[in-house]
Protein chains: 2
Amino acid sequence: MTAEAKAAIPASPALTERQEARRRRILHASAQLASRGGFDAVQMREVAEAAGVALGTLYRYFPSKIHLLVATMQDQLQHLHSTLRKHPPSGDSAAERVAETLMRAFRALQREPHLADAMVRALTFADRSVSPEVDTVSRQTTAIILDAMGLDHPTPQQLSAVRVIEHTWHSALITWLSGRASIAQVKIDIETVCRLIDLTAPASD
Amino acid sequence: MTAEAKAAIPASPALTERQEARRRRILHASAQLASRGGFDAVQMREVAEAAGVALGTLYRYFPSKIHLLVATMQDQLQHLHSTLRKHPPSGDSAAERVAETLMRAFRALQREPHLADAMVRALTFADRSVSPEVDTVSRQTTAIILDAMGLDHPTPQQLSAVRVIEHTWHSALITWLSGRASIAQVKIDIETVCRLIDLTAPASD
DNA sequence: ATCAAGTCTGGAACTTGTTCTAGATTAGCG
DNA sequence: CGCTAATCTAGAACAAGTTCCAGACTTGAT
């Protein structure tokens, strides 16, 4: 670990300073517009204007609206993850800590419901052309949950349980965002699915 | 149960015969186009033409492309449900029967992956304006799962488990459709989540 | 059979995501 | 500095979902 501490996008061919600044302005504009009016309010022309770049440039950085919003989600998840690292959950069992972590994330999203709407809709609407990016989001989420469980070397069974928890998390989020489930119901579902963790981690070993 | 056996949409103000026929032609055209090329291939102008109605009429019957595809899903689910009723799952435990049922549904969707893509994308992309219809789909799914469990009067805990299973089912479907998970992985996840059923239904009672 | 209200048709028009083009700017290099 | 390739800008153009409209057709009630 030398001075080269922040290496977020090693795959891309390295951006110049001005390009990095443009990328950041774009993501900021995207989040801003999403916070106002959700998915529909993130209009590519408006994002471009708010970020001070031409429409063509926006499309060079993010090849579609979905790509843009998924990237926005990566950004937000990174914030969340570092916040959570600073204030880890306090429950006794792994299941409790995971449920607590997810509900905390949930309340964070509640504060910006429109932004949550935009990001989650983009995530579930993404087709194959966005798979790599969506996969990154999934890995970030997995990392957050494994952190809460306090595991470094999960078993295949535990990984499967984590995947199921992620499924539940995403889907519950959607039902809440579309007004078909209350926060209370989401809480119950999260707690229910977290019991799976206890199934995969018996007292032994 | 008299001759009035098929009462599917009692909420709407009752359609004439020709209107019912139009509605059916539209749904058929929608499924047809979806089977070919998925969500993107269901273009409203093409649906209208294939169904032999004007574009404005299509929009009178289904106020958006999402409404149309969710209705298409309702239709397909109804088929599936009646098929499943005729050939109930054979597993010994409730968990086994539910997993078997869902995997069977999965294989049915595998046969028409483009159609599955169109319907599921519409379902998860739906916003609040489609909530009632999405809710209907959710209730249909719940009914199928409860059927497989063999329950008439589920406890709240069991209902919560069923909801989590539905969450997992939808989300796993999406990851499979977008090429981020294999069938084998979906199977594992379904079986994993179905273990929740055993947790809510102990040997007693 | 006739009238009023509601429905359907064909087609134009509008919106927003996406693509394309020609010319200006910038970055890297000798 | 001066050149070349890459990048950026402004804006037109295109695609598909959605809305609107004027006129023709149906339906239901009298």
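Residues numbered from 1 in each chain as written. Chains lettered and ligands numbered in written order. Predicted model: local features only at pLDDT ≥ 70, side-chain atom pairs only at ≥ 80, totals over all residues. Heavy atoms only, no water.

Novice: Just to check I follow, could you spell out the relation of the copies chain B and chain A for this structure?
Specialist: There are two copies of the chain, and a rotation about an axis plus a shift along that axis relates them. Note on the identical chains: chain B maps onto chain A by a rotation of 180 degrees and an axial translation of 0.0 Å, with an RMSD of 0.1 Å. Taken together, the turn and the small shift mark the pair as related by a two-fold rotation axis. Across chain B, the smallest distance between a C-alpha and the rotation axis is recorded for Thr168 of chain B, namely 2.7 Å. The share of interface residues of chain B whose copies in chain A are also at the interface is 100%, consistent with both copies meeting through the same surface. (Least-squares fit on C-alpha atoms with pLDDT ≥ 70 in both. Contact = heavy atoms within 4.5 Å.)

Novice: Just to check I follow, could you spell out the protein's contact with DNA strand D for this structure?
Specialist: Surrounding DNA strand D, one finds 18 residues, the nearest of these being Arg22, Thr57 and Tyr61 of chain A together with Arg45 and Lys65 of chain B. Sugar plus phosphate: this is where 63% of the atoms of DNA strand D within 4 Å of the protein reside. At a separation of 2.9 Å, a phosphate oxygen of DNA strand D approaches a polar side-chain atom of Tyr61 of chain A. Gln43 of chain B places a side-chain nitrogen or oxygen 3.1 Å from a phosphate oxygen of DNA strand D. Put simply, the parts of the chain that give the surface near DNA strand D at least two residues each are α1 (17-37) and α3 (55-61) of chain A together with α2 (44-51) and α3 (55-61) of chain B. Partitioned by chemical class, the residues of the surface near DNA strand D number seven nonpolar, five polar and six charged. (Near = heavy atom within 4 Å. Polar contact = N/O pair within 3.5 Å; in protein donor to acceptor, adjacent residues only side chain to side chain. Helix = DSSP H or I, 4+ residues; strand = E, 2+ residues; numbered from the N terminus. Nonpolar A, V, L, I, M, F, W, Y, C, P; charged D, E, K, R; others polar.)

Novice: Can you help me understand the UniProt feature "DNA-binding region" (unreviewed entry) in chain A in this one?
Specialist: Per the UniProt record, the feature "DNA-binding region" (unreviewed entry) sits at residues 43-62 of chain A. Note that residues 43-62 of chain A is 75% helix and 0% strand, and that its end C-alpha atoms are spaced 13 Å apart. (UniProt positions renumbered as here; feature names shortened; annotations may be inferred.)

Novice: What's the story with the pattern of salt bridges in this structure? I'm lost.
Specialist: Pairing is possible between side chains of opposite charge, provided their charged atoms come close. All names here are of chain B. Scanning all chains against the criterion turns up 18 salt bridges over all chains. Between Lys187 and Glu191 there is a salt bridge, with the nearest N and O atoms lying 3.2 Å from each other. With Lys187 and Glu191 both in helix α9 (residues 183-200) and four residues apart, this pair spans about one turn of that helix. With relative accessibility at 37%, the residue Glu191 sits in the partly exposed group. (Salt bridge = Lys/Arg side-chain N within 4 Å of Asp/Glu carboxyl O. Buried < 20%, exposed > 50% of the residue type's maximum accessible area, 1.4 Å probe, protein only.)

Novice: Just to check I follow, could you spell out the protein's contact with DNA strand C for this structure?
Specialist: Residues in contact with DNA strand C amount to 18 residues; listed here are only the nearest, Arg45 and Lys65 of chain A together with Arg22, Thr57 and Arg60 of chain B. Among the atoms of DNA strand C lying within 4 Å of the protein, the sugar-phosphate backbone contributes 62%. The side chain of Tyr61 of chain B places a nitrogen or oxygen atom 2.9 Å from a phosphate oxygen of DNA strand C. The set of elements that each furnish at least two residues to the surface near DNA strand C consists of α2 (44-51) and α3 of chain A together with α1 (17-41) and α3 of chain B. Looking at the surface near DNA strand C residue by residue, the classes come out as seven nonpolar, five polar and six charged.

Novice: I keep staring at the UniProt feature "domain: HTH tetR-type" (unreviewed entry) in chain A and nothing clicks. Help me out?
Specialist: Within the UniProt annotation, "domain: HTH tetR-type" (unreviewed entry) is assigned to residues 20-80 of chain A. Annotated as 80% helix and 0% strand, the span residues 20-80 of chain A places its first and last C-alpha atoms 21 Å apart.

Novice: When you look at the packing of aromatic side chains in this model, what are you seeing that I'm missing?
Specialist: Ring pairs (aromatic) are described by centroid distance and by the angle formed between their planes. Counted according to the given criterion, the structure contains seven aromatic pairs over all chains. Aromatic side chains Phe125 of chain A and Phe39 of chain B sit 5.2 Å apart centroid to centroid with 80 degrees between the ring planes, which places their arrangement in the edge-to-face category. Placement of Phe125 of chain A in helix α6 (residues 113-125) and of Phe39 of chain B in helix α1 is noted, with the two residues assigned to different chains. According to the relative accessible area criterion, Phe125 of chain A is buried, its value standing at 14%. Taking relative accessible area as the criterion, Phe39 of chain B reaches 8% and is therefore assigned buried. Each ring, one from Phe106 of chain B and one from Trp169 of chain B, has its centre 5.7 Å from the other, and the planes form 75 degrees; the classification is edge-to-face. Taken as a pair, Phe106 of chain B in helix α5 (residues 94-111) and Trp169 of chain B in helix α8 (residues 156-177) lie far apart in primary sequence, 63 residues in all. Neither Phe106 of chain B nor Trp169 of chain B differs from the other in exposure class; each is buried. One aromatic cluster is present, formed by Phe39 and Phe125 of chain A together with Phe39 and Phe125 of chain B through successive ring pairs. Between the NZ or CZ atom of Lys65 of chain B and the centre of the ring of Phe39 of chain B, over which it lies, the distance is 4.1 Å. (Phe/Tyr/Trp six-rings, centres within 6.5 Å; stacked < 30°, edge-to-face > 60°. Lys NZ or Arg CZ within 6 Å of the ring centre and 35° of its normal.)

Novice: Sorry, what's going on with the state of the cysteines here?
Specialist: Working definition of a disulfide: a covalent bond connecting the sulfur atoms of two cysteines. Here the structure, examined in full by the defined rule, presents zero disulfides over all chains. Here Cys194 of chain A is not cross-linked by a disulfide; its sulfur's nearest cysteine counterpart is in Cys194 of chain B, at 17 Å. Residue Cys194 of chain B is classed as buried on the basis of its relative accessible area, which comes to 2%. (Disulfide = S-S within 2.5 Å.)

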